[in-house]
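An overview of the molecular structure
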Amino acid sequence: MDKGLKRRIFMFSALIGAMLFYMIFFGSKNTAVGIMIIIAAFMNLNEDLSYKPALSFVKVLGLLLIMGIVSYLNSPITIVGCILTFLVVFGTTFSSYHLFRSDVYMPYLLCYFIMSANSVSLENLPLRLMALACGAAFIVGLNVILNRDKHHNLSKETLDNLVGELNKSIDLKLEGKDVSMDSFKIAKEFYLSLFHRFEYKYFPSPKQQSVLNIVKAFQSVGYLLSLSDLSDDELRYVKKVLSEIREIKIEEVFDGVEIKTMEMKHILLNLEIIVNELNKDLSDEFTIPYKKTITQLFKPFNRRQFSFRSVKFVFAFKMAVIMLVWEVVTMLFNLPFTKWLFFVTVSMMVPYIDDMAYTARKRIQATFLGIFIFAILLIAMPVIPISQGAVIFIVVVICLFTFVWKLKDRLIRNTATTLMSVTTSLSYINAPEAITLKILWVVVGVAAVSLFNFKFLPYSVEKETRNNLEICYRLNERAINLIRQKCQGGNAENKTTLFVSESIVRENIQVNDDNRELYNLQFMISNLCNFILSYLDVNGCSDELNNNLLDIIDEDADANENLDSKESVLAWSMRYAIDMFKKEKELL
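First, a word on what this report is: a plain description of the structure on this page.

Here's the deal with the side chain of glutamate 567
Tracing the backbone through its elements, the reader meets glutamate 567 in helix α24 (residues 565–587). Here glutamate 567 is buried and forms no salt bridge, its nearest opposite-charge partner lysine 566 lying at an N-O distance of 9.5 Å. Ignoring anything within four residues of it in the chain, the contact list for glutamate 567 reads Cys541, Ser542 and Leu545.

Printed below as a string of structure tokens:
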């Protein structure tokens, strides 16, 4: 069976199962909460929670319980409740939104406003909190099960998989076939799983730095294999070294093969880095960083994250502000059924104005299409020989099925949610009122959100991409300064944090024809600087190489022709990196 089909069947079954489970054990007021939690669980799968599942459970449980308690305190809406809603919406959006990756904040916010609209008494509050606790367990449990095969540590199995991935590419090259840079998924996923961890970003221990050096070296070897045209003898020798990677001595890596290309030297130098790091005996003990280190890291971190130059901060702030406006308006004028206004806003708010017109158009189209289908249902309902409750249940099931099957089709997905919401509203209001209020709040919501997004702190993908390309330029400049510092006798302790930060920033760049050359150039500069620093950490350098590297950086000198075979690779790499850095500056 097709993998995508299996996933859709599993998701639909989970949604129906959750609906029935929450209806039976937690009552009808918590049924919609259960559905939102299942959607949140599936949207959370891109975020690996299996590394520290207990901590992940505490975080998700804490978020859901806070939302449950605040939604209780905010019913009916009060000034204090409005302030608490602002904080909950801002905190949830800011902590859950990931640029260009997933809108995982959306089901959590919908869950909060569903709980606010379907308030419970103090006697039933423990039951709701228990329902949320079960939801937290499901979100983390499903994530741990489906991400159990991901690599989190440099185990024997992980190392074997990294080696096996390179061997496959070598076999393809020996068969005369091309190897894509996208072929090395294990190395990329392992690296991604590492750099999203807090300690790897900011406080990497010596062992963690070694692990990152190894993974980056594997990535560099794969990159070189895909681009270079090595001889069959060179390819077989690389495969031989990989098969002996745990036993081979560092001084033996260059023995046993005639090196004909600069690319082969690069590959062998990266293999030397891997061998050296694998031979280190490092403790797993976590060392608490100095207070000065924490201060130095968190000052720039806070400036970047909590400022109006950060699209993440701006988006969370705008989401919280407009929700606060709706809360205040509802409280002052006692408007009916404004939960649809909140739901429309959550789905309509987008971080970039580039998507706004398309999102608004699809939302309006889906609303009228859903209302049209609902009107046909109303006409047919008198002749349907079942109760209204049974009709509502069947419509919900059909809408959930459509939602899952056409998840990527915005028009059909929004039509299904529109039909489901107006149909279930028949339990509270009559049909004409449901149609009128649905159209009213959707039109008001779409118009207000569109105007708000365009006029209040507008942010575009182009602006965000431009900012991140400039940040990558500054990070490359810092990497070159680190090499200078290393050659002058200093240390490069923050090398790991620097390159991890660069990887995070690159994740948030939308590549197009206009910036592709600059993007690729920045990637190559970063890789070369990381390679040079890693090699200097492993082998150090002679006075001749040391002086030559400084001359290349400071005086734009050429590589010294008198260096030995290995050190000449470092010198030429530095020369190439400086040339590309000049080109990068011109392109910016």
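We are not done yet, so read on.
Overview of the packing of aromatic side chains
Evaluation of the coordinates by the stated rule reveals 20 aromatic pairs. Aromatic pair phenylalanine 21 and phenylalanine 26: ring centres 5.8 Å apart, planes at 70°, arrangement edge-to-face. For phenylalanine 21, a relative accessible area of 34% translates into the label partly exposed. Take phenylalanine 26: its relative accessible area is 7%, and that puts it in the buried class. Taken together, a centroid distance of 5.0 Å and an interplanar angle of 70° make the contact between tyrosine 112 and phenylalanine 113 edge-to-face. Note on accessibility: tyrosine 112 and phenylalanine 113 belong to one class, buried. Of the aromatic side chains, those joined through ring pairs into one cluster are Phe86, Phe90, Phe94, Phe313, Phe317, Phe452 and Phe456. For the cation-ring pair, arginine 8 lies above tryptophan 405, with the distance from its terminal atom to the ring centre recorded as 5.3 Å. A cation over a ring is seen here: lysine 312 above phenylalanine 94, with NZ or CZ 5.3 Å from the ring centre.

Considerations on the nonpolar core
Ranked by internal contacts, the top residues of the largest apolar core, which has 93 residues, are Ile139, Met323 and Leu400. In terms of residues, this core owes the most to one element, helix α5 (residues 105–117), which gives 10 residues. Apart from residues lying up to four places away in sequence, leucine 400 is in contact with Phe12, Leu15, Ile16, Met19, Ile35 and Met420. Leu225, Phe254, Leu268 and Ala559 belong to the second-largest nonpolar core, a separate cluster that totals 76 residues.

What counts and how
- Residues numbered from 1 in each chain as written.
- Predicted model: local features only at pLDDT ≥ 70, side-chain atom pairs only at ≥ 80, totals over all residues.
- Heavy atoms only, no water.
- Helix = DSSP H or I, 4+ residues; strand = E, 2+ residues; numbered from the N terminus.
- Buried < 20%, exposed > 50% of the residue type's maximum accessible area, 1.4 Å probe, protein only.
- Lys, Arg positive; Asp, Glu negative; His and termini not counted.
- Salt bridge = Lys/Arg side-chain N within 4 Å of Asp/Glu carboxyl O.
- Contact = heavy atoms within 4.5 Å.
- Phe/Tyr/Trp six-rings, centres within 6.5 Å; stacked < 30°, edge-to-face > 60°.
- Lys NZ or Arg CZ within 6 Å of the ring centre and 35° of its normal.
- Core = buried A, V, L, I, M, F, W, Y, C linked by side-chain atoms within 4.5 Å.

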